[in-house]
Amino acid sequence: MLRGLATVSFWAADLAAAKDWYTDFLGVEPYFERPGYAEFRIGDYQHELGLIDARFAPPGARETPGGAIVYWHVDDVADTVGALLARGAREYQPVTDRGHGFVTASVTDPFGNILGVMSNPHYVEVLALT
């Protein structure tokens, strides 16, 4: 059974540039680094976002955005998307009101990864229980 988000990993051909970009956006330095890898702990539950040098990607890995989109909860989707676009991200999916308080959007970071953001009332409910 899935128990929770452990680590989301993004590939980057220019790991140093990706580390700088995410440090600027997140407002925190990676808490763990080793050659070819940098990892951030972010958010209310300190979920992990790992950046991996693309030369370690498995054979046949896609070089274009695709696959599943992981959505990170944010308080204001439009503001967050604006901040990402201002840093050079490109819109992948526009801000979309899904109803009942759910709002989603996604961008492609400058390194080709899809970053989803979402306002999710269930997340807020669970956070209130802790």
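Before any of the text, the structure's been laid out above.
So, how was this worked out
Residues numbered from 1 in each chain as written. Predicted model: local features only at pLDDT ≥ 70, side-chain atom pairs only at ≥ 80, totals over all residues. Heavy atoms only, no water. Salt bridge = Lys/Arg side-chain N within 4 Å of Asp/Glu carboxyl O. Buried < 20%, exposed > 50% of the residue type's maximum accessible area, 1.4 Å probe, protein only. Patch = residues over 30% accessible without salt bridge, like charges linked within 9 Å, V, L, I, M, F, W, Y side chains within 5 Å. Areas by Shrake-Rupley, 256 points an atom, 1.4 Å probe, with all protein chains shown as cover. Helix = DSSP H or I, 4+ residues; strand = E, 2+ residues; numbered from the N terminus. Polar contact = N/O pair within 3.5 Å; in protein donor to acceptor, adjacent residues only side chain to side chain. Arc of directions from axis to C-beta. Contact = heavy atoms within 4.5 Å.

Peer 1: Pulling in residues and values, what's your account of the pattern of salt bridges?
Peer 2: Summed over the entire model, instances satisfying the criterion amount to 4 salt bridges. A salt bridge links Glu48 to Arg41; its shortest N-O distance comes to 3.1 Å. A salt bridge links Asp53 to Arg55, with the shortest nitrogen-to-oxygen separation between them at 3.0 Å. The exposure class of Arg55 is exposed, given its relative accessible area of 62%.

Peer 1: Let's hear about a nonpolar patch on the surface: which residues, and what values?
Peer 2: Where nonpolar side chains cluster on the molecular surface, the patch consists of Tyr45, Val126 and Leu127 and spans about 230 Å² of accessible area. On the secondary structure map, Tyr45 appears in the loop between strand 3 (37-42) and strand 4 (47-53).

Peer 1: I'd like a description of the environment of Gln46, backed by residues and values.
Peer 2: Here Gln46 shows up in the loop between strand 3 and strand 4. Under the relative-accessibility criterion, Gln46 is labelled partly exposed at 41%. Separated by 40 residues in the primary sequence, Gln46 and Ala86 have C-alpha atoms spaced 25 Å apart. A polar side-chain atom of Gln46 sits 3.0 Å from the main-chain carbonyl oxygen of Gly43.

Peer 1: Lay out helix 2 (residues 77-86) with the relevant residues and their values.
Peer 2: Taken together, the buried positions of helix 2 are occupied by Val77, Thr80, Val81 and Leu84. Seen end-on, helix 2 carries its buried residues on one side only, within an arc spanning 100°. Opposite its buried face, helix 2 presents the exposed residues Asp79 and Ala86, each directed more than 90 degrees away. Its buried side turned inward, helix 2 meets helix 1 (15-26), strand 6 (90-99), strand 7 (102-108) and strand 8 (114-119). Regarding helix 2, its N-cap is Asp76, as a side-chain oxygen of that residue lies 3.2 Å from the backbone nitrogen of Ala78 further along. Two residues or fewer after helix 2 comes Gly88, characterised by a positive phi angle close to 100°.

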